[in-house]
Each structure stands twice: as C-alpha cells, then as structure tokens.
Amino acid sequence: MGCAPQPTHQDMKIILPDQGTRVIERGPVSVEKMLHELRINPLEVIVSRNGTLVPENAVVGADDEIRIIRISHGG
Amino acid sequence: MGRKKSPVDPPVCSLCEAPAVMNQQYSRRSLCSTHFINDVEERVFQVIEKKKMIRAGDRIAVALSGGKDSTALLLLLALHLPKWQDVSLIAVTVDEGIHGYRDETIRAAERVAENVGVEHSVVSFQDLFSDNLDTLLKGREEQACTVCGILRKKALIEGAKKVRATKIATGHNLNDEAQSVLMNVLRGDLPRLVRNSGIDTADSFLPRIKPLAEIPEKEVASYLFVKGMFLLLPECPYRGFALRADVRSMLSGLEHRNPGTMLRLMESRKKIEKYLEWEKVSGPLHRCRQCGDPCSGDLCQVCRLLLSLAR
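Residues numbered from 1 in each chain as written. Chains lettered and ligands numbered in written order. Predicted model: local features only at pLDDT ≥ 70, side-chain atom pairs only at ≥ 80, totals over all residues. Heavy atoms only, no water.

## Points about the side chain of Lys-154 of chain B
Residue and element names in this part refer to chain B. By the element assignment, Lys-154 lies in helix α6 (residues 144-162). The class of Lys-154 is buried, set by a relative accessible area of 12%. When neighbours within four sequence positions are excluded, Lys-154 is seen to be in contact with Phe-129, Asp-293 and Val-302. (Helix = DSSP H or I, 4+ residues; strand = E, 2+ residues; numbered from the N terminus. Buried < 20%, exposed > 50% of the residue type's maximum accessible area, 1.4 Å probe, protein only. Contact = heavy atoms within 4.5 Å.)

## Here's the deal with helix α1 (residues 33-50) of chain B
All names here are of chain B. Relative to the 26 Å expected for 18 residues at 1.5 Å per residue, α1 spans 26 Å between its end C-alpha atoms, a close match to the ideal helical length. Among all positions in α1, only Phe-36, Ile-37, Asp-39, Val-40, Glu-41, Arg-43, Val-44, Val-47 and Ile-48 are buried. Check the buried side of α1 and you find it contacts β1 (20-24), β2 (29-32), α2 (68-80) and α9 (217-226). After α1 finishes, the residue Lys-52 shows a positive phi value of roughly 50 degrees. (Expected span 1.5 Å × (residues − 1).)

## Some points on the domain arrangement of chain B
Residue and element names in this part refer to chain B. Under the domain assignment, chain B is made up of domain 1 (36-276) and domain 2 (284-311). Here the C-alpha centroids of domain 1 and domain 2 sit 23 Å apart. Each partner contributes to the interface: domain 1 provides 13 residues, whereas domain 2 provides eleven residues. Of the roughly 1,100 Å² buried at the junction of domain 1 and domain 2 (both faces included), carbon and sulfur atoms supply 66%. Summed over the three residues of domain 1 that lose the most area to domain 2, namely Ile-150, Lys-154 and Phe-205, the buried surface amounts to 41% of that side. On the surface where domain 1 and domain 2 come into contact, there are one salt bridge. If you look at where domain 1 meets domain 2, you find two residue pairs in polar contact (both at pLDDT 80 or more). The element best represented in the side of domain 1 that touches domain 2 is α6, accounting for five residues. Considered class by class, the residues forming the side of domain 1 that touches domain 2 number seven nonpolar, one polar and five charged. (Domains from an automatic or database assignment. Buried area = accessible area lost by both parts, 1.4 Å probe. Salt bridge = Lys/Arg side-chain N within 4 Å of Asp/Glu carboxyl O. Polar contact = N/O pair within 3.5 Å; in protein donor to acceptor, adjacent residues only side chain to side chain. Nonpolar A, V, L, I, M, F, W, Y, C, P; charged D, E, K, R; others polar.)

## Quick word on the interface of chain B and chain A
If you look at the interface, chain B gives 29 residues, while chain A gives 24 residues. Overall, the association of chain B and chain A removes approximately 2,300 Å² of surface from exposure, summing both partners, and the carbon and sulfur fraction of that is 58%. Interface area lost by chain B to chain A is led by Lys-218, Phe-225 and His-256 of chain B, which between them contribute 26%. Here Glu-56 of chain A ties to Lys-218 of chain B by a salt bridge, and the two come within 2.6 Å at their closest N and O atoms. Counting across the interface, chain B meets chain A through seven residue pairs in polar contact (both at pLDDT 80 or more). Those elements that place two or more of their residues in the side of chain B that touches chain A are β1, α9 and α10 (243-257) of chain B. Tallied by class, the residues present in the side of chain B that touches chain A amount to 13 nonpolar, seven polar and nine charged.

## Things to note about the nonpolar core
As a rule of thumb, nonpolar side chains are buried together in soluble globular proteins. Residue and element names in this part refer to chain B. Core analysis: the largest hydrophobic core is formed by 44 residues, its most contacted members being Ile-54, Ile-60, Leu-74, Leu-77 and Tyr-223. Contributions of two or more residues to this core are made by β1, β2, α1, β3 (59-63), α2, β4 (88-95), α3 (102-116) and α9. When near neighbours in sequence (up to four residues on either side) are disregarded, Leu-74 contacts Val-62, Leu-64, Ala-91, Val-112, Ala-113, Val-116 and Val-118. (Core = buried A, V, L, I, M, F, W, Y, C linked by side-chain atoms within 4.5 Å.)

## Side note on the pattern of salt bridges
Once the charged atoms of two side chains with opposite charge are near each other, the side chains can pair. All names here are of chain B. Applying the stated criterion to the full structure yields 21 salt bridges over all chains. A salt bridge links Lys-51 to Glu-214; the shortest N-O distance between them is 3.9 Å. Here Glu-214 lies in the loop between β8 (208-209) and α9 and Lys-51 lies in the loop between α1 and β3, a separation of 163 residues in the sequence. Take Lys-51: its relative accessible area is 24%, and that puts it in the partly exposed class. Overall, the relative accessible area of 31% leaves Glu-214 in the partly exposed class. The salt bridge partner of Glu-158 is Lys-154, with a shortest N-O separation of 3.2 Å. Here the residue Glu-158 and the residue Lys-154 both occupy positions in helix α6, the gap between them amounting to four residues, near one helical turn. It is possible to trace a salt-bridge network through shared partners that takes in Arg-29, Asp-39, Arg-43 and Glu-219.

As structure tokens, then:
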C-alpha cells in the first residue's frame, strides 16, 4: 500500500460572526479574499488570527484560528 | 541586497516594521498595534482641541451604552483628562427597558466605568416616561428606532442634568455621521442635515460633543480589540426596523467599492452648512408649551410622541 498523496491545499477553519464555524478548502489566502468568498464586507468586521488583529492583506493559513467579528451594532 | 518581498510576507507597520494590525486606506499607511493606538488617541485629542469641544470647568456626561463606541469614547476621554484643567467626567447610561439586550450592556457599562475610575449613573425610561420601551412599542414595533431615538435623547439630557453636567459627549463615529447625512438627505430634512457638527445645542441647553466623529467604525472596534476591551454583546432586537440598518449596509458597500465615500459625504455636508444660515433653515426657536424645552413648533418632539403613544 503506497503513501497517501500530500494535499496541495489544506482546510481552514473559520469562526464566523454568528459564532458558527465554516471550513473552506483553501491553502494560504489573504483575509480580503477569504472575506470576499464568504461574501462579507471587510468594513463590517474585524478579523483576528490566533487572537491577534490582522489587516485585510495579511495571509492566513490552515494552522491559524481565524475569527471574524461583526462590528456594526445598534444602540 | 535585501530579500524581495513575497505576497505571503506578513504586512508590516509603515513606521516601525512591526506586524501591522490595520491598513488605513485614506492615509496609505499600515500600522502596528502601538502606532495604531497612538494614532487613534492623537487624532481624537486633536479633534477635541480643534473644535474646542472641552473647556476648563466642564463636567462631561459621557453617554455610555456599554457598546464599543461609547466604551472607546470613555477610555479616550479618561486617558486625555489630565490634559484639561478642572474638567471631570461622569458616565450616564440610558436604560430603555429592552428585554434580553439592555441588562447585559448595562453590566458592561458598569464594568468599564469602574475600570477607568469614572462615576456612573443610570437613567431609565421607566422612571422618566412611566413605561419601558418594550411596553411603549407594543403593536408599533416598526417605529422602534424613531420612538427610541427621540426618548433616548431626552433621557440622556435629563440624566446629564441630574448629574449637573455642562456637556454631553456621545460616541458617534464617522460611519454614524455619514449615515446620518444620507438619512437626512433621504428624508429631506435640511435642518438636521446642516446642524453644526462640532458642538450641537439645537434641541437642548446642554451642548453635545462627538469626539469620535472622524474615526471610522472599524478603527473604533479595532482600537478596543487591540486594547483587549472589545466585548461581544447582544444586538438590539429592534435594529432590523431602522432605516439606518438599510443606509448602513448601503453606505458600507459603497465605501468598500469606492473608498473615501463617507469622507466625501461629510465634506458635502460641510459645504452645504457653509452656504446656509442655520436660523433661516430651522426657523425661529420656540419653547414647548408642555415641557418648556427648545423646539421649532408648539410642542417638542418628545411631548408630541408621548401624546401619540398615549392614544
């Protein structure tokens, strides 16, 4: 039995604004592109990687814990 | 010879090469946490000084809902407080009585005020208007934001008077201000459109100041996050009813596709304000025959609203 092929991309786990999680099949990807794929306007959220705030041009990958936090609230 | 920058290299601060936490499109800079915090704190102080928002002897009632904007405002004012002579702060929270929402934000407000060592006072719709918002809105939920907006403003003024404040500071950010401009255009409300943005005294004898009015919402939230003070709080159950919800979404889409839209909107408002005379637009100032507050007609907005709610 041969070895399983190395994956060319990895799954990335993202914690969404509603606290749900989503796994997207992507290798390293910019925050901007990730938000675009999730149809989220970057101006309405902040994004953290492993608890640290990251700008839209940061590249995030499979080992990161990505959290997207919605910032627009009433009141 | 230095290594060529790769697209996967982490973005770095334009001022010190530490990892960036924020891209400011309008300043064309990326900033690390330290320089970003300094930048926000400095800009807020400059706005306060430029518009002469705070003077010696002022007692500032900081409208503190417990949400991100008012929390950031209280932190920033408390930080700069030693720079002003004989100025004091007091946090004022309005409890509208919104089940499943306001209790948690009031607790957050209490904690923030305690953390920064500022006295805290709560004023409620129940005490002022003999009913909470949930009860007042039964059967007219679609009017929630109009009713709440009018009564909350009144409650804040009464709360500020109670603690002998000389001014009220609110946490409106650039997005809030740009949304208001667009909403006033959509409603055809010229007096509100040109109301002075620096120190507003139009519907009260207590001037209102907005020190965060030039800071984008994302930067306010980011400032709190970097300072470890960002809290996830419940959303107001009535927010979907607001015209503001539609305008917020539309404007944020426009700003994303056309950066600078909000700033240009604010510039347009300034130009209109420059060429119009406030007195001519708003008409003569009267006193409400019921409560004596300044207003443009026979009855003020609050008394008119309370009469209609009693029907």
